[in-house]
Amino acid sequence: MNYYSDNADALFERYNALDFETVHADLLSCLPETPGAALDVGAGAGRDALALARRGWDVVAVEPAQGLRERGEAYTHGHPVQWMDDRLPGLDSIRALSERFNLILVSAVWMHVPPTERERAMRVLSELLAPGGRLCITLRHGSGDGERVFHPVSRAEVEQLARQRALIDITPSGQGGTRSDCQGRDEVTWETVCLQLPDDGTGALPVLRHIIVNDQKSSTYKLGLLRVITRIADGLPGMVVRRTDQYVTVPLGLIGLYWLRLYKPLIMDHALRQTQGNAGYGFAREPFYALRYLSVFDLCVGQAFDSHTGKILLAAIRDACQNIRQMPVRYTTWPGSTEPLFIAEPASTRLREVPVRLDRETLLRFGVFHIPSHIWDCASRYACWLEPAIVNEWVDVMQRYEFRYNVGPTRDALRWQAPVRRTHLVRDLIESRLGVNPSPQCTWTGTRLRTNHYEVDHALPWVHWNNNDLWNLMPATRRANREKRDRLPAAGLLSDAHDRIIDWWTSTYLNSRYRDQFIIEAEAALPMVPDASRPQAVFEGLQHQRRRLKQNQQIAEWIGLN
């Protein structure tokens, strides 16, 4: 810090010759609309701290160089700026205040933090954020000046550290590149990264983040339960049995089924430890290992099994439900409390050697599982954020159990095995009807389909929601399908296609041997569809899910052919 104190007068003039709006033009849109508490780390001569104070912020300015700090204090006198002597990575004095900040600015500082200390620095900064708070970091690229130590920096490194702390990148699109130096130095460029600690307004995200990042974990079971709930909330909203103001209720057997789907490859295929030490797993008994020859794609709602395999699978689900109730449900509590976050109500299950189909009725035989309504809604809306946050923590936890685990293969093992995109069955059904008058119509245009001029379209795009259910696969002309690409059908376009969709479902599925498959898939995947034998109810569920995906993932819409 001697350089900054020894050259304080010159640096004060140089820094304050530039205004805040010019230097930080690309982060202005990231500033919260409502001022609150701000922390300026490496506040230098006080330019940014004063600008924030004039915008209504209550600022704590941190500067370890005494000469600059003294000039900054004088410069900001009379404004709500409090100066402190502190520095990254520890920020020990700031943390001692036990305050949380709505905005943290780390401008022209990150290159001074040694790479070995950046993980700790990001952890400290993330823990100082209030729910919904934003962290803005400017990165300096370029050679040093011979008097100061500048370490290499990269956006990728910052983003990776942020993911480990369950922060999301909110840098506006189009502002993620480098910009020229405001002081005219050709060899220097700058880049801004804006991060946020999510908050959905209900308090659910801070609770989930606390469990993911901060809770003690002697096993991966808490993470496993959260991931199972997130997967179900995102992909199977139709499996909700009941909803009240307090709780969303789903079949306990569904939780157990997805638990098996999650842990089977980790334990059987990759031999990755999921607990400390060499203790066994409460759910991994003889029935669990008897599932070795089943694919994870067999462990899905709607799948049917013969009497022998069905009995083994139900026994494995029963063991999983018992372990879930005794372990993660018991120890996953509200922050600062011993009250469990989730409630499992088991039912006595008699296993019989009869054919089994994994439908709602079968999975309800194991009991019910209650999830706080706002936690369920949060898991549904923020699944695309929660999933990587859970996986990042899971990798760290397993590495603490076994140092030999490499990050790459471990992360690959945790990748959710989504079904392969498939349309061959529906393609065969279309082909079989092309010779019948009238031939099937394009869902989106009404054009009659011709041989070699049709394709099968995922109405709700596969790339955004991996769903191969019959109700989601629509006949389309090649031109319509390729122009629609990975976009959602606009509300008006879907409404215009109502009669064609109803006719396709009724004639192709509900009046054929695929009726049961269509009904089970639609009732599981679509919200608010209690009876999928009524195609109008399925269409309304499709409308709900389209709107849900648009809101949650900000997917572009397609209004139809021009």
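Note that the structure is predicted; figures quoted are calculated from it, not measured.

Caption draft 1: Quick look at the nonpolar core. Phe283, Ile317 and Phe369 are the most contacted members of the largest nonpolar core, which has 80 residues in total. The element contributing the most residues to this core is helix α11 (residues 252–269), with 12 residues. In contact with isoleucine 317, other than residues within four places in its own chain, are Gly253, Gly256, Leu257, Leu260, Leu358, Leu363 and Phe366. Listed in part, the 44 residues of the second largest apolar core include Cys442, Val456, Trp465 and Ala497.

Caption draft 2: Examining the state of the cysteines more closely. One pass over the full model with this rule turns up zero disulfides. Of the cysteine sulfurs around cysteine 30, a residue in no disulfide, the closest is that of cysteine 194, at 3.1 Å. Look at cysteine 30 and you get buried, because its relative accessible area is 2%.

Caption draft 3: Looking closely at the packing of helix α19 (residues 424–433) against helix α22 (residues 498–510). For the pair α19 and α22, interaxial distance at closest approach is 12 Å and the crossing angle is 95 degrees. When the axes of α19 and α22 are compared, the pair comes out roughly perpendicular. Mapping the contact onto sequence places Val426, Leu429, Ile430 and Arg433 in α19 and Trp504, Ser507, Thr508 and Tyr509 in α22. Classifying every residue of the contact of α19 with α22 by side-chain character gives five nonpolar, two polar and one charged.

Caption draft 4: Structural detail: the environment of valine 296. Checked against the element boundaries, valine 296 lands in the loop between α12 (286–289) and β11 (304–305). Measuring from C-alpha to C-alpha, the distance between valine 296 and leucine 262 comes to 8.2 Å, with 34 residues separating the pair along the chain. Apart from the residues within four sequence positions on either side, valine 296 is in contact with Arg261, Pro265 and Gln417.

Caption draft 5: View of the sheet that holds strand β10 (residues 247–251). The four strands are arranged β9-β10-β14-β12 in an open sheet whose pairing can be described as antiparallel. For this open sheet the edge positions go to β9 (242–243) and β12 (343–346), each flanked by a neighbour on one side alone. Relative to β10, β9 runs antiparallel, the two being bridged by two bridges. Among the inter-strand pairings, arginine 242 is bridged to a residue of β10, identified as threonine 249. Against the sheet, α11 engages β10, β12 and β14 (367–372), with an angle of about 65 degrees to β10.

Rules used in this analysis
- Residues numbered from 1 in each chain as written.
- Predicted model: local features only at pLDDT ≥ 70, side-chain atom pairs only at ≥ 80, totals over all residues.
- Heavy atoms only, no water.
- Core = buried A, V, L, I, M, F, W, Y, C linked by side-chain atoms within 4.5 Å.
- Buried < 20%, exposed > 50% of the residue type's maximum accessible area, 1.4 Å probe, protein only.
- Helix = DSSP H or I, 4+ residues; strand = E, 2+ residues; numbered from the N terminus.
- Contact = heavy atoms within 4.5 Å.
- Disulfide = S-S within 2.5 Å.
- Axes fitted to C-alpha atoms, helices over the stretch in contact; angles between N-to-C directions.
- Parallel < 35°, antiparallel > 145°, perpendicular 65-115°, else oblique.
- Nonpolar A, V, L, I, M, F, W, Y, C, P; charged D, E, K, R; others polar.
- Pairing = 2+ DSSP bridges.

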